[in-house]
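Listed below are the residues making up each chain.
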Amino acid sequence: MTDVLPQASVTSAAPAGTTDREVRLVSPFERLGLSGRALRTANWLGVVVGVYVLITAVELIGSGFKVATGDTAESLFAFASNPFVALMVGVLFTAATQSSSTTTSVTVGLVAGGLPMSIAIPMLMGANVGTTLTNTLVSLGMARDKESFRRAFSAATVHDFYNLIAVAIFLPLELATGFLEKSSAWLADATSGSDGGFVATVFSGLGTAVDAVTQPLADAIAWSTSFLPGAWHGVAMIVLGIALILLVINWLGRLLKVLMVGRAAEVLHSSVGRGPLTGIASGAAMTVMVQSSSTTTSLMIPLAGSGTFSLKQIYPFTVGANIGTTITALIAAFAFTGAEGTLALQAAFVHVLFNVFAALVVFGLPLLRQLPLRGATWLGNVAATNKLWAAAWVLGVFVGIPLALIGVTAVL
């Protein structure tokens, strides 16, 4: 759920020729003197409270967007009506927050509040690109040793190239056919409402129950800002909602690392390298366990730099991490019911379908599968020779190009 840079891991790979060092993760509750079963219970209760606050914050954003825009949501986002600008907004917001989970959660809330799906879809794609910045930055920590840096930077940027190629294929395809919007709408209709069968009944019932539990806190926060006039009331709700999401994602990340990183590391070491399908499955499973694609992919970078895993072994793992992180938007969608719930669920399904289709096409087709590997290998070689290439890549892809495209579009 969180895509923040990992603070620690149960094991962190040391450079080749040295021994691994153990790093013990510390729970916030441990500082209160808890230990043993009481500590573990407190950690899991903390996770439950975190998910509750996350859903409440998403609901607050949706409500605040409605208050702030009234019936003018589409005109408010007119600057992002160009899909490439919307894509860049997703890249920049994710790079700035170091969390694709924040971007997808906020987008789900905005869609429920009236954001057009045509703008939300490129933003969700942009979140996929922006989140790759984290493990790329991690690889820079190995820049002192040329060979280790070459391997680490290649392992990090294979994720970049994979997502960039996926966007290059599916964004034009979406603009031409609307297949993501149509397929996600079908799935949302099938899993919401009262006439979609058993699955829809279960989803609707769960959504109603979650909404009943989270509504009081959302209403209380909204009331606390009701003294503000007009649209400013809605803006304050959105800002508070985003702030809560950032805080709770960091909170969940810390707790889930304490609870699950050890088991996730076992999954990583026992399954990576056993084949592409196993690599994808382990990447997805590990990301669900620690709720952070950035954590899972970043944990791989030291292992790649030390030569423990090859680029070909790490590649499918990152593909699986992309799929595993989509669960955050699905959880966020349960903040809403009725027509709003269907729209929120549709936005969440867009994220799921995009990543699944990308895995099937970019990784599934032999010709396309080699492109991220070749791009990452080339970039790793030139970056190891001249570190300025690494800096140019990071600043250009994640900051310069997005800002330039948004600026040019605004001028025109």
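How each quantity is defined
- Along each chain, numbering runs from 1 in the same order as the chain's sequence is written.
- The predicted origin of the model limits local features to residues at a pLDDT of at least 70 and limits the giving and counting of side-chain atom pairs to 80 or more, whereas totals for whole chains, interfaces and linings rest on all residues.
- Where side-chain values are given, they derive from all heavy atoms of the structure, hydrogens and water being excluded.
- Confidence of the predictor at the level of single residues is given by pLDDT, which spans 0 to 100.
- Residue contacts follow a heavy-atom distance rule, with two residues in contact if any of their heavy atoms lie within 4.5 Å.
- Centres within 6.5 Å make a pair out of two Phe, Tyr or Trp rings, where for Trp the six-membered ring is used; the pair is then stacked when the planes are under 30 degrees apart, edge-to-face when over 60, and tilted otherwise.
- A run of H or I in DSSP counts as a helix once it spans at least four residues, and a run of E counts as a strand once it spans at least two, with each numbered from the N terminus.
- A 1.4 Å probe rolled over the protein chains alone gives each residue an accessible area, and that area as a share of the maximum for its type sets the label: buried under 20%, exposed over 50%, partly exposed in between.
- Each reported salt bridge corresponds to a side-chain nitrogen of Lys or Arg within 4 Å of a carboxyl oxygen of Asp or Glu.
- Fitted lines through C-alpha atoms give the axes, limited to the stretch in contact for helices. The angle between two N-to-C directions lies from 0 to 180 degrees.
- Any angle that falls under 35 degrees is termed roughly parallel, while one over 145 is termed roughly antiparallel, one within 65 to 115 roughly perpendicular, and all others oblique.
- Asp, Glu, Lys and Arg are counted as charged, while Ala, Val, Leu, Ile, Met, Phe, Trp, Tyr, Cys and Pro are counted as nonpolar; the rest, among them Gly, fall into the polar class.
- In this scheme the handedness of a crossing depends on how the near helix is turned from the far one: anticlockwise by less than a right angle means left-handed, clockwise means right-handed.
- His is not counted, nor are the chain ends, whereas Lys and Arg count as positive and Asp and Glu as negative.
- Between N or O atoms, a polar contact is any pair within 3.5 Å; within protein, one atom must be a potential hydrogen donor and the other a potential acceptor, and residues adjacent in sequence are included only when both atoms are from side chains.
- Each residue after the first adds 1.5 Å to the expected span of a helix.
- The set of buried Ala, Val, Leu, Ile, Met, Phe, Trp, Tyr and Cys residues whose side-chain atoms join them within 4.5 Å is what this entry labels a nonpolar core.
- Like charges are joined within 9 Å and nonpolar side chains (Val, Leu, Ile, Met, Phe, Trp, Tyr) within 5 Å, but only among residues with over 30% relative accessible area and no salt bridge; these make up the patches.
- For every accessible area listed, the method is Shrake-Rupley and the probe measures 1.4 Å; residues are considered covered only by the protein chains on display.

Draft legend 1. View of the confidence of the model for the protein chain. Predicted confidence across the protein chain gives a mean pLDDT of 81, with 83% of residues reaching 70 or more. Residue range residues 2-22 is modelled with pLDDT below 50. Its contacts to residues more than four positions away, or to other chains, number 61 contacts.

Draft legend 2. View of the packing of aromatic side chains. Inspection of every chain in the model, using the stated rule, returns nine aromatic pairs. Residues F179 and F357 carry aromatic rings whose centres are separated by 5.7 Å and whose planes lie at 40 degrees to one another, so their mutual orientation is tilted. Of the two residues, F179 sits in helix 8 (residues 179-190) while F357 sits in helix 15 (residues 338-363), which places them 178 residues apart along the sequence. Relative accessible area serves as the criterion here: at 26%, F357 is assigned to the partly exposed category.

Draft legend 3. Looking closely at the pattern of salt bridges. Tallying each qualifying case throughout the model produces two salt bridges. For E147, the salt bridge identified is with R150, shortest N-O distance 2.3 Å. Residue E147 and its partner R150 are located together in helix 7 (residues 146-177), separated by three residues, close to a single helical turn. E147 is the partner of R151 in a salt bridge, and the nearest nitrogen-oxygen pair spans 3.6 Å. Note that R151 and E147 are positioned in helix 7 at a spacing of four residues, about one turn of the helix.

Draft legend 4. Inspection of the packing of helix 15 against helix 16 (residues 366-385) at higher detail. Put simply, helix 15 and helix 16 touch, their axes get as near as 6 Å, and they point 95 degrees apart. By the criterion of interaxial angle, the relationship of helix 15 to helix 16 is roughly perpendicular. On helix 16, the residues touching V361, V362 and F363 of helix 15 are L368, R369 and P372. When the residues that make up the contact of helix 15 with helix 16 are grouped by side-chain class, the tally is five nonpolar, no polar and one charged.

Draft legend 5. Looking closely at the packing of helix 7 against helix 13 (residues 311-324). Between helix 7 and helix 13, the least distance of the axes is 9 Å, while the angle of their chain directions is 50 degrees. Considered as vectors, helix 7 and helix 13 are oriented oblique to each other. Both helix 7 and helix 13 take part in a crossing whose hand is right-handed. Of the residues in helix 13, those in contact with S154, A155, V158, H159, Y162 and N163 of helix 7 are L311, I314, Y315, T318, V319 and N322.

Draft legend 6. Structural view of the side chain of T104. Of note, T104 is situated in helix 4 (residues 100-112). When its relative accessible area of 1% is taken as the criterion, T104 is described as buried. Excluding anything up to four places from it in sequence, T104 contacts L124, A127, A329 and H351.

Draft legend 7. Focus on the side chain of D160. With respect to the secondary-structure elements, D160 resides in helix 7. Despite its burial, D160 remains without a salt bridge, the nearest opposite charge being carried by R150 at 16 Å. In this structure, D160 is in contact with T132, T136, W393 and F398, ignoring residues within four places of it in sequence.

Draft legend 8. Fine view of the environment of S183. With respect to the helices and strands, the residue S183 is situated in helix 8. Here S183 falls in the partly exposed class, since its relative accessible area comes to 23%. Sequence separation between S183 and L353 is 170 residues; the distance between their C-alpha atoms is 8.3 Å. Excluding residues that lie within four positions of it along the chain, S183 makes contacts with L353 and F357. At 3.3 Å, the side chain of S183 and the backbone oxygen of L180 are in polar contact.

Draft legend 9. Examining the environment of N128 more closely. Relative to the helices and strands, N128 resides in helix 5 (residues 117-130). On the basis of relative accessibility, which here comes to 4%, the residue N128 falls in the buried class. Spatially, the C-alpha atom of N128 lies 8.3 Å from that of G90, the residues being 38 residues apart in sequence. With residues near it in sequence (within four places) discarded, N128 still touches N163, N322, H351, F354 and N355.

Draft legend 10. Geometry of helix 12 (residues 293-305). With 13 residues, helix 12 extends 19 Å between its outermost C-alpha atoms, agreeing within 8% with the 18 Å of an ideal straight helix rising 1.5 Å per residue. In terms of burial, helix 12 is a largely internal element, 12 of the 13 residues being buried. The set of residues buried in helix 12 consists of S293, S294, T295, T296, T297, S298, L299, M300, I301, L303, A304 and G305. Of the residues trailing helix 12, G307 is marked for its positive phi of about 85 degrees.

Draft legend 11. The arrangement of the nonpolar core in detail. One finds V58, V108, L115, M125, Y162, I245 and Y315 to be the most contacted residues of the largest nonpolar core, which totals 99 residues. It is helix 7 that provides the largest number of residues to this core, a total of 13 residues. Setting aside its immediate chain neighbours within four residues, I245 contacts L54, A57, V58, I61, T102, S105 and V106.

Draft legend 12. Highlighting the environment of L240. Position of L240 relative to the elements: it lies in helix 10 (residues 231-271). Each C-alpha atom of the pair L240 and I221 lies 8.5 Å from the other, and the pair is 19 residues apart in sequence. Non-local contacts of L240, meaning those with residues more than four positions away in its chain, are made with L60, I221 and T225.

Draft legend 13. Representation of a nonpolar patch on the surface in the model. A contiguous nonpolar surface patch, about 260 Å² in accessible area, is contributed by F84, L175 and L405. The topology assignment puts L175 in helix 7. Overall, the relative accessible area of 48% leaves L175 in the partly exposed class.

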